[in-house]
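Examination of the molecular architecture
What follows is the residue order along each chain.
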Amino acid sequence: MSLSRIVTYSAAYTLVPTYECFNRCTYCNFRADPGRSAWLTLAEVERKLEYLLSQGICEILVLSGEVHPDSSRRDAWFQRIYDICQLALSGGFLPHTNAGPLRFQEMQQLKQVNASMGLMLEQLTPNLLETVHLHAPSKVPELRLQQLEWAGKLKIPFTTGLLLGIGERKDDRIETLEAIAQIHRQWGHIQEVILQPYSPGDRQSFTASAFNSHHLPDLIAKARDILPQTITIQIPPNLIPDASVLLDCLEAGARDLGGIGPKDEVNPDYPHPHLQRLREILEPAGWQLMLRLPVYPQYYDWLSPQLREAVAAWECKLLHF
Ligand code: SF4
């Protein structure tokens with residue numbers, strides 16, 4: 001099997017510290033109003049992790065709605081996220097947090113207990129602040145670009161990406177990809193870029209139709225030209241319903257399918273396909289599906305000693321998969 005015909009995925013389970021979020025992106029199918037979503041308790045996390053130990057799960061994706069930076073509950077919110085990561089890491093899992101824009105010190109602390117972290121850049125164009133992000137202060141493009149910069153400065157292996165079809169123009173997508181490429185050339189920390197087609201769900205107010213996934217292969221080819229070769233392009237298979245389009249995406253340069261787990265919390269109306277189904281699609285076309293860790297080997301040196309130990313243990317397990 002040629003290395004170039006390998007497609008990776010991560011065995012992930014998502015923990016949601018809270019669904020509450022002070023932003024109101026109109027395409028959101030995740031958020032609850034502030035104060036209207038009970039926070040995940042550490043006792044609940046412990047019980048869940050114990051169960052996941054036997055399920056082959058490696059990555060704990062800690063995906064949270066956001067408590068406002070000026071809120072009196074911000075510190076408690078951050079502490080809960082940190083504690084969840086610490087518990088997961090102590091249990092031998094590899095945490096990956098995506099909790100919206102963070103303070104520099106918050107990122108610095110989370111680095112100690114996260115194999116990698118993430119934040120979607122989505123789109124750089126400020127025009128969206130007048131439409132889908134009118135009531136979403138966290139979606140100010142400069143703020144998100146700054147997060148990418150800080151992650152680079154802090155040597156945090158990072159995943160970012162574009163949300164496609166939320167009102168941006170084709171040129172806007174190219175501009176966003178170029179900005180990611182530029183930041184990566186400076187810091188070398190972007191391990192993956194997700195190209196996520198907007199897919200409508202039951203709870204949103206945004207009325208646009210889904211991004212036409214038939215346009216994805218062309219965009220992936222362009223992204224492959226723009227992004228440095230060390231950045232992997234990730235696509236979510238649950239949002240690409242047509243198997244032939246999925247294969248076209250791989251031919252165009254996508255090489256990763258992201259975290260495959262029981263539920264896509266951001267797109268709850270689109271369950272992940274089973275691994276067996278994915279293999280049935282990929283293997284006849286000469287692609288091999290392979291498990292990967294949530295941190296890529298070129299970044300192992302950046303990890304805290306506790307994380308390095310957990311990664312080494314997973315490397316051993318991977319040899320037996
Ligand atoms: S998309 Fe994210 S930031 Fe926007 S409202 Fe939903 S949870 Fe909040």
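These numbers come from a predicted model, not from an experiment.

Some points on the overall build of the protein
- When helices and strands are counted, the protein shows nine helices and nine strands.
- A compact globule built from 321 residues would reach a C-alpha radius of gyration of about 20 Å, and the protein, at 18 Å, matches this within 12%.
- For the protein, the C-alpha atoms occupy an extent of roughly 50 × 50 × 40 Å along the three principal directions.
- Taken across its 321 residues, the protein has 42% of its residues classed as buried.
- Contacts spanning at least 24 positions in sequence make up 77% of the contacts within the protein whose residues lie at least 6 apart.

Section: the nonpolar core
- In terms of nonpolar packing, the biggest core is built from 80 residues, with V62, C85, L94, L195 and V311 touching the most fellow members.
- In terms of residue count, the dominant contributor to this core is helix α2 (residues 74-90) (eight residues).
- For L94, the contacting residues outside a window of four places in its chain are C58, E59, A115, L293, P294, V295, A310, V311 and W314.

Thoughts on the pairing of strand β8 (residues 256-260)
- Counting buried residues along β8, five of its five residues qualify, which places the element largely inside the surrounding structure.
- As paired elements, strand β1 (residues 6-15) and β8 share three bridges and run parallel to each other. When the bridges of β8 are listed, A11 appears paired with I260.

Quick notes on the site of the ligand
- If you check the shell around the ligand, you find C21, N23, R24, C25, C28, F30, R31, G65, E66, G100, A136 and S138 and nothing else.
- Residue composition of the shell around the ligand, by class: five nonpolar, four polar and three charged.

Notes on the UniProt feature "domain: Radical SAM core" (unreviewed entry) in the protein
- Mapped onto the present numbering, the UniProt feature "domain: Radical SAM core" (unreviewed entry) falls at residues 7-238.
- As a span, residues 7-238 carries 34% helix and 17% strand, and end to end its C-alpha atoms are 15 Å apart.

Side note on the UniProt feature "binding site: [4Fe-4S] cluster" (unreviewed entry) in the protein
- Within this numbering scheme, the UniProt entry marks C21, C25 and C28 as carrying the feature "binding site: [4Fe-4S] cluster" (unreviewed entry).
- Counting through the fold element by element, C21 comes out in the loop between β1 and α1 (42-52).
- Residue C21 is classed as buried on the basis of its C-beta count, with 22 C-beta atoms lying within 10 Å.
- With near-sequence residues (within four places) excluded, C21 lies in contact with R31, G65 and E66.
- Among the secondary structure elements, C28 is positioned in the loop between β1 and α1.

A word on the packing of helix α6 (residues 216-226) against helix α7 (residues 243-252)
- Relative to each other, α6 and α7 sit at 15 degrees, their axes nearing to 8 Å. With respect to α7, the axis of α6 lies roughly parallel. For α6 against α7, the interelement crossing comes out right-handed. Residue-level contacts link L216, P217, I220, A221 and R224 of α6 to V245, D248, C249 and A252 of α7.
- Taken together, the residues that form the contact of α6 with α7 break down as seven nonpolar, no polar and two charged.

Considering helix α9 (residues 305-319)
- Along its 15 residues, α9 runs 22 Å from first to last C-alpha, staying within 8% of the 21 Å computed at 1.5 Å per residue.
- Burial in α9 covers these residues: L307, A310, V311 and W314. One side of α9 carries all its buried residues, which in axial view fall inside an arc of 100 degrees. α9 presents P305, A312, A313, E315, C316 and L319 as exposed residues on the side facing more than 90 degrees away from its buried surface.
- In the core, the buried residues of α9 are packed alongside α2 and β3 (94-98).

Remarks on the environment of Q234
- Relative to the assigned elements, Q234 resides in strand β7 (residues 232-234).
- Separated by 17 residues in the primary sequence, Q234 and P217 place their C-alpha atoms 12 Å from one another.

Comments concerning the environment of S205
- Position of S205 among the secondary structure elements: in the loop between β6 (190-197) and α6.
- For S205, a count of 10 C-beta atoms within 10 Å puts it in the exposed group.
- For the pair S205 and V62, spaced 143 residues apart in the sequence, the C-alpha separation amounts to 25 Å.

Conventions adopted
Residues numbered from 1 in each chain as written. Predicted model: local features only at pLDDT ≥ 70, side-chain atom pairs only at ≥ 80, totals over all residues. Helix = DSSP H or I, 4+ residues; strand = E, 2+ residues; numbered from the N terminus. Rg over C-alpha atoms; globule rule 2.2 N^0.38 Å. Buried ≥ 20, exposed ≤ 12 C-beta atoms within 10 Å, placed from the backbone. Contact = placed C-beta atoms within 7 Å. Core = buried A, V, L, I, M, F, W, Y, C linked by C-beta atoms within 7 Å. Pairing = 2+ DSSP bridges. Near = placed C-beta within 6 Å. Nonpolar A, V, L, I, M, F, W, Y, C, P; charged D, E, K, R; others polar. UniProt positions renumbered as here; feature names shortened; annotations may be inferred. Axes fitted to C-alpha atoms, helices over the stretch in contact; angles between N-to-C directions. Parallel < 35°, antiparallel > 145°, perpendicular 65-115°, else oblique. Left-handed = near helix turned anticlockwise from the far one by under 90°. Expected span 1.5 Å × (residues − 1). Arc of directions from axis to C-beta.

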